[in-house]
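# Structural overview
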Amino acid sequence: MEDRRAPFLLLEGEDPEALFAAVESPAYILDEAKLHMNGQLLASVAEQTGAKMLLAQKAFSGYDLYPLLCPYLFGTEASGLYEARLGAEEMPGREVHVFCAAYREKDFEPLIQYADHIVFNSPRQLEKFGPRAKAAGKSVGLRINPECSTQDGHAIYDPCAPGSRLGTTRRQWDSQMTEALVQLLDGIHFHTLCEQGADALAVTIRAVELHFGDILPRMKWVNFGGGHHVTRPGYDMELLETCIKNFRARWKTDVYLEPGEAWALNAGYLVTRVLDVHQNGETSIAILDMSAACHAPDVIEMPYHPPLYGGGDAGEQPYTYRLGGPTCLAGDVLGDYSFQEPLREGQLLTFGDMAIYTFCKNNTFNGMPLPDLWVRRRDGTLEKLTDFCYDDFKRRLGRTTREGVL
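A brief look at the structure comes next. Numbering of residues starts from 1 in every chain and runs along the sequence as written. Only residues with pLDDT of at least 70 get local features here, since the model is predicted, and only at 80 or more are side-chain atom pairs given and counted; chain-wide, interface and lining totals rely on the full set of residues. Processing note: side-chain calculations cover all non-hydrogen atoms of the structure and skip hydrogens and water entirely.

## Focus on the overall build of the protein
We apply this condition: Only runs of H or I of at least four residues qualify as helices and only runs of E of at least two qualify as strands under DSSP, and these elements are numbered from the N terminus. We compute the radius of gyration from the C-alpha atoms alone; for a globule the expected value is 2.2 Å times N to the 0.38, where N is the number of residues. Relative accessibility thresholds used throughout: buried, under 20% of the residue-type maximum; exposed, over 50%; partly exposed, between the two (1.4 Å probe, protein chains only). The contact criterion used is simple: two residues touch if any of their non-hydrogen atoms lie within 4.5 Å. Note on areas: these come from Shrake-Rupley sampling with a 1.4 Å probe, and a residue is covered only by the protein chains present in the view. In this tally Asp and Glu are treated as negative and Lys and Arg as positive; neither His nor the chain ends contributes. Positions of charges follow a simple convention, taking NZ of Lys, CZ of Arg, CG of Asp or CD of Glu.
Counting its regular elements, the protein contains 14 helices and 19 strands. For the protein, whose C-alpha radius of gyration is 23 Å, the value lies close to the compact-globule estimate of 22 Å for 406 residues. Projecting the C-alpha coordinates of the protein onto the three principal axes gives extents of approximately 70 × 60 × 45 Å. Across the 406 residues in the protein, those meeting the buried criterion constitute 55%. Long-range pairs, those at least 24 residues apart, make up 68% of the contacts in the protein with a sequence separation of at least 6. Summed over all atoms, the accessible surface of the protein reaches about 18100 Å², with 50% contributed by carbon and sulfur. Side chains of the protein give 39 positive and 56 negative charges; the mean places of these two sets differ by 8 Å.

Below is the structure:
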């Protein structure tokens, strides 16, 4: 299991149990100061290289904070109609880019109203929708698959795995891309990384140039996709900037990057309280009022070991507990953590790195309430952005009124 723990950004001497005491748990708390720091760092890459930075909303879609990020962004990246509309409505004046593995006919016309760049996954989708996008004045792209896997242990996130459904391989290109289809294209898009460094990008660029080098001179732009962990401590910024500058100089194209995680990495918390503590053999167990499966699904999907304020590795401190949620899923476990003191019922725990792939992916399995959403402003004050109730759970499951039977 990957360990994504990083230093907490609370002010020196602050105790989160006291700081967040008034917050009803479970709750997400976005950190405005850290979002600002991440934005400045990504903006510096754009300034140094000429690259155009997009926010991939699939990782972070907290639109209340879009005004804070907007000065650092060229636009947003969407995975379909709803995200495209969100980007257009909540970040007006910025470009809206969209990629989807396949577009629905009923969605495409409204999508054209919001998107500036539309990227297709296959020659067939390009043939079906590309002429309409072009006629509407949109910039048209095709996602390619350079067949260059750089993942290490995250097969579920590898778009270059054998049999991948994402992107057009060179073999597919040669057999299906007619000259008329190529003429529709303004750019190509590749996305092969997941929480990786610039070294993996450099390897991928070489593969793209090897397989599609004859295509690149005809393109106006190339999108390097996401998965660039630019704001992670130790990231090789110099290599990233070299990759971008050399590529732009060599191929005379614009370059887009669409990180999602990097914008909000370590920029949020999930606060939870201990409901029960009990023992099963040698294992001490603490049940929390949050659920990994419902409120932090990447903990299970990735999987990864989220940072916990005051918590160490199992056995590192005197008291070790397995922390789990209250659902019926046996695997609803956040991990084993150790503490200086025994846990007590009602105690508040604070997990870090909870701004990304959390509230945009959460669910109400088992009828679990959705956590409230808060922001910690740069001056240290807390503000509730929204809360959720039974009606939010119910309206996802059926009619919200007894009237109007279809």
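## Considering helix H2 (residues 32–49)
What counts is decided by this rule: To estimate the expected span of a helix, subtract one from its residue number and multiply by 1.5 Å. As used in this structure description, the phrase polar contact means that two N or O atoms lie within 3.5 Å; if the pair is within protein, one of them must be able to donate a hydrogen and the other to accept it, and residues adjacent in sequence are counted only when both atoms belong to side chains.
Between its first and last C-alpha, H2 extends 26 Å over 18 residues, near the 26 Å set by a 1.5 Å rise per residue. Every buried residue of H2 is accounted for by Glu-32, Lys-34, Leu-35, His-36, Asn-38, Gly-39, Leu-42, Val-45, Ala-46 and Thr-49. On the buried face of H2, the contacting elements are strand S2 (27–31), strand S3 (52–56), helix H3 (66–69), helix H10 (237–251), helix H11 (261–264) and strand S18 (372–376). N-capping of H2 is provided by Asp-31, with a side-chain oxygen placed 3.1 Å from the backbone N of Ala-33. Taken from the residues just after H2, Gly-50 is the one with a positive phi, measuring 85 degrees.

## Here we look at the sheet that holds strand S8 (residues 187–189)
Note the threshold: Here, a strand pair is defined by DSSP locating no fewer than two bridges between the strands. The convention used is that axes are lines fitted to C-alpha atoms, helices contributing only their stretch in contact, and that angles between N-to-C directions extend from 0 to 180 degrees.
Pairing is parallel around the closed barrel formed by 8 strands, whose spatial order is S3-S4-S5-S6-S7-S8-S9-S10. On average, each strand axis in the sheet is tilted by 25 degrees relative to the strand beside it, whichever way the strands run. Of the pairings in the sheet, the one linking strand S4 (residues 75–78) to strand S5 (residues 95–99) comprises 4 bridges and is parallel in character. Bridge pairing in S5 places Thr-76 opposite Val-96. Across the sheet, helix H4 (residues 81–90) lies against S4 and S5, angled at about 165 degrees from S4, the strand it touches most. Those strands touched by helix H6 (residues 123–135) are strand S6 (117–120) and strand S7 (139–143), and its axis lies near 160 degrees from that of S6.

## Things to note about the nonpolar core
Here is the rule: Definition of nonpolar core: a set of buried residues of the types Ala, Val, Leu, Ile, Met, Phe, Trp, Tyr and Cys, connected through side-chain atoms within 4.5 Å.
Among the nonpolar cores identified, the biggest contains 102 residues, and Phe-120, Phe-224, Leu-240, Leu-323 and Phe-351 are the most heavily contacted of them. Of the residues forming this core, the biggest block, 7 residues, is contributed by helix H9 (residues 198–212). Counting residues in hydrophobic clusters, the runner-up holds 8 residues, among them Phe-20, Val-23, Tyr-269 and Trp-374.

## Digging into H9
Given 3.6 residues per helical turn, the α-helix brings residues three or four places apart onto the same face. Taking 1.5 Å per residue as the helical rise, H9 with its 15 residues ought to reach 21 Å, and the 20 Å between its terminal C-alpha atoms agrees with that figure. All of the buried residues in H9 are Ala-198, Ala-200, Leu-201, Ala-202, Thr-204, Ile-205, Ala-207, Val-208, Glu-209 and Phe-212.

## A few points about the pairing of strand S17 (residues 348–352)
In terms of burial, S17 is a largely internal element, 5 of the 5 residues being buried. On S17, burial covers both faces: Leu-348, Thr-350 and Gly-352 on one face and Leu-349 and Phe-351 on the other are all buried. Two elements, strand S11 (residues 268–280) and S17, share 5 bridges in a ladder whose sense is antiparallel. In the sheet register, Arg-273 faces S17, and the bridge partner there is Leu-348.

## Describing the packing of H2 against H10
Heads up, the condition is: The crossing is said to be left-handed when, going from far helix to near helix, the turn is anticlockwise and less than a right angle, and right-handed when the turn is clockwise. When residue character is reported, Ala, Val, Leu, Ile, Met, Phe, Trp, Tyr, Cys and Pro are called nonpolar, Asp, Glu, Lys and Arg charged, and the others, Gly included, polar.
Relative orientation of the contacting elements H2 and H10 amounts to 35 degrees, with a least axis distance of 9 Å. In this structure, the crossing between H2 and H10 has a hand that is right-handed. Counted together, Leu-41, Ser-44, Val-45, Gln-48 and Thr-49 of H2 and Met-237, Leu-240, Glu-241, Ile-244, Lys-245 and Arg-248 of H10 form the full contact between these two elements. Class assignment of the residues belonging to the contact of H2 with H10 gives a composition of 5 nonpolar, 3 polar and 3 charged.

## Brief notes about the pattern of salt bridges
How we decide: A side-chain nitrogen of Lys or Arg and a carboxyl oxygen of Asp or Glu constitute a salt bridge if their distance falls within 4 Å.
One pass over the structure, following the stated rule, counts 21 salt bridges. The salt bridge partner of Lys-361 is Glu-301, with a shortest N-O separation of 2.9 Å. With Lys-361 in the loop between S17 and S18 and Glu-301 in helix H13 (residues 298–301), this residue pair connects regions lying 60 residues apart in the sequence. The class of Lys-361 is partly exposed, set by a relative accessible area of 28%. Residue Asp-387 is joined to Lys-384 by a salt bridge in which the shortest nitrogen-to-oxygen separation is 3.6 Å. When salt bridges that share partners are traced, they join Glu-32, Arg-377, Arg-378 and Glu-383 into one network.

## Regarding the side chain of His-97
With respect to the secondary-structure elements, His-97 resides in strand S5. Residue classification places His-97 among the buried positions, given a relative accessible area of 2%. Not counting chain neighbours up to four residues away, the residues in contact with His-97 comprise Leu-54, Thr-76, Glu-77, Ala-78, His-117, Asn-223 and Tyr-256.

## Observations concerning the pairing of strand S12 (residues 283–288)
In this sheet, S12 lies alongside S11 in antiparallel orientation, the contact comprising 6 bridges. Of the residues in S12, the one forming a bridge with His-278 is Ile-285. As judged from the 3 bridges shared by S12 and strand S15 (residues 319–324), these two strands associate in the parallel manner. Residue Ala-286 lies in a different strand from S15, and its bridge partner there is Leu-323.

## Looking at the environment of Pro-342
Topologically, Pro-342 is positioned in the loop between strand S16 (333–339) and S17. What makes Pro-342 partly exposed here is its relative accessible area of 38%. Between the C-alpha atoms of Pro-342 and Glu-261, which are 81 residues apart in sequence, the distance is 34 Å. Excluding residues within four positions of it along the chain, Pro-342 makes contact with Tyr-319, Tyr-321 and Gln-347.

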